[in-house]
Amino acid sequence: MAMPQGYGDSVREIQSIKAVPRILETVSSMTGLGFVCVAYVTEEAWVTCAVLDKLGFGLKPGDPLDVRTTLCREVRAAKAPIVIDCVNESVAFRDHHTPKMYGFESYFSVPVYRPGGEYFGTLCGLDPKRASLSDPATVSTMTLFAELISAQLESAHTLAEAEAALQRERETAELREQFIAVLGHDLRTPLGAIQTGVDVLKRKHSDPGAQPVLERMERSVGRMSALVDDVVDFARGRMGGGIALALYREDRLDLVFEQVIGELRGMYPERRLVTTIQPNLRLRCDAGRMAQMLSNLLKNALVHGSADHPIRVAAHSVDGRFYLMVTNHGPELTDRVSAQLFKPFWRAATEQPRDGLGLGLFIVSEIARSHGGEIDVLSAGSTTSFRFTMPDTA
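Residues numbered from 1 in each chain as written. Predicted model: local features only at pLDDT ≥ 70, side-chain atom pairs only at ≥ 80, totals over all residues. Heavy atoms only, no water.

Run through the overall build of the protein, naming residues and quoting values.
Counting its secondary structure elements, the protein contains 10 helices and 13 strands. Sorting the 394 residues of the protein into buried and exposed places 41% on the buried side. Across the protein, contacts joining residues at least 24 apart in sequence account for 65% of those joining residues at least 6 apart. If you sum the accessible surface of the protein, you get close to 21,200 Å²; carbon and sulfur atoms cover 54% of it. (Helix = DSSP H or I, 4+ residues; strand = E, 2+ residues; numbered from the N terminus. Buried < 20%, exposed > 50% of the residue type's maximum accessible area, 1.4 Å probe, protein only. Contact = heavy atoms within 4.5 Å. Areas by Shrake-Rupley, 256 points an atom, 1.4 Å probe, with all protein chains shown as cover.)

Printed below as a string of structure tokens:
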């Protein structure tokens, strides 16, 4: 017998409920019935969803019966159980065509509902021998089992909806991040062209009044390029690729750090930067990414730290580990704020809008992770320190 089209999902719903086979076994043991099943029932169809068949009827999950030959049709219409201890003693059913067709003497059928009260089908059973089914405790137990199946259908429905929503969100997030990555990549070409044009104009244009304009344009291109780099790094990290590294033994990482510090001193001449950097610092790393990490940490300190106190930078290797620390003065960070700092686009609720996308510390954490290192924040009293550490494999 072929399962009617369109009922496969209902069969799979019941098959996915791990408790159903045990329920059928329990009902059979409790009542002595040789056939117990869960059926999906509509006005037009009756389909086996799960079955315990000790009588050899031969029904398997997905097999149909003509609904007109079953008593489950009446259960569906009345939305009430049918329980028969002995067909021959039942005024309502002793002349009914269904017991005669299937040869049963005892029978029960209890409604099973979908979430929201929609009728699903029945938990039913039968046997050619007489059985004591109408005892209130037995009826209550079978009703409880039907309600348990209904509850499991609701849980499965809720889980399916949640999984579908999660899948949709994942697909949307992936498309969004792919778009960001492609956009960031494609923006680099026109920005490069603008930078080239500015360089040519600076060399060839002799008007002193034009130079400040060209310098502002160059700074704007630099900021835009930095934003594009942040977006591409963010997209790569979120899409599972991680921050790309070119690992080499760097013999003078101290000079790389001093260059970053010098550039920021030029950008913030009014601020004091105090450095303690180990001379001839050697480390196997991506020097460009380490420079980016220090630059992001310093910019964060310059923006959020107190202008009345110096920002301190320390970098050294000791006992097989490399340490980089940036410390600024300012209000102590709460645990809640510290836990959010390395998340992309996060800003404190009280923070004023600033340039940038809020990706700097997220990218720092991705660079740290890609190097097999760790970044954490230590805030106590009036100082806050960002500390990066990784194995020194130089």
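I'd like a rundown of helix α10 (residues 360-370), residues and numbers included.
Think of an α-helix as turning once every 3.6 residues; residues three or four places apart then point the same way. The buried fraction of α10 amounts to 8 of the 11 residues, a majority that puts the element mostly inside the structure. Along α10, the residues classified as buried are L361, F362, I363, V364, S365, E366, I367 and A368. Backbone geometry just after α10 places G372 at a positive phi near 70°.

Quick rundown of the sheet that holds strand β4 (residues 82-84)? Include the residues and the values.
Read across the open sheet, the 6 strands follow the order β3-β2-β1-β6-β5-β4; overall the sheet is antiparallel. For this open sheet the edge positions go to β3 (64-65) and β4, each flanked by a neighbour on one side alone. Strands β1 (35-41), β2 (46-53) and β6 (119-127) of the sheet are contacted by helix α1 (residues 8-15), whose axis makes an angle of about 30° with β2. (Pairing = 2+ DSSP bridges. Axes fitted to C-alpha atoms, helices over the stretch in contact; angles between N-to-C directions.)

Account for the pairing of β1, naming residues and giving values.
For β1, the tally of buried residues reaches 7 of 7 residues, placing the bulk of the element in the interior. Judged by which residues are buried, β1 turns out to be covered on both faces: F35, C37, A39 and V41 on one side and V36, V38 and Y40 on the other are all buried. Pairing of β1 with β2, which is carried by 7 bridges, proceeds in the antiparallel orientation. Along β2, the bridge assignment pairs Y40 with V47. Turn length for the β1-β2 hairpin, with the two strands adjacent in sequence and antiparallel, is 4 residues. Inspection of the sheet shows β1 paired to β6 by 6 bridges, in the antiparallel sense. Opposite A39, over in β6, you have T122 as the bridge partner.

Lay out the sheet that holds strand β11 (residues 321-329) in plain terms, naming residues and giving numbers.
Strand pairing in a sheet relies on backbone hydrogen bonds, with the paired strands running either antiparallel or parallel. Read from one edge of the open sheet, 5 strands run β8-β10-β11-β13-β12, paired in mixed fashion. Strands with a single pairing partner mark the edges of an open sheet, and in this sheet they are β8 (273-277) and β12 (374-380). For this sheet the average axis-to-axis angle between neighbouring strands, irrespective of direction, equals 15°. Bridging between β8 and strand β10 (residues 311-318) involves 5 bridges; their strand directions are parallel. Opposite L273, over in β10, you have I311 as the bridge partner. Contacts from helix α8 (residues 287-304) reach β8, β10, β11 and β13 (383-391), with the element oriented near 20° to β11.

Describe the pairing of β6, and please don't skip the residues or the numbers.
Extensive coverage of β6 is indicated by the burial of 9 of its 9 residues. When strand β5 (residues 106-113) meets β6, the two strands line up antiparallel, connected through 8 bridges. Bridge pairing in β6 links S109 to C124. Counting the residues that bridge the hairpin from β5 to β6 gives 5 residues, and of these G116 lies at a positive phi of roughly 90°.

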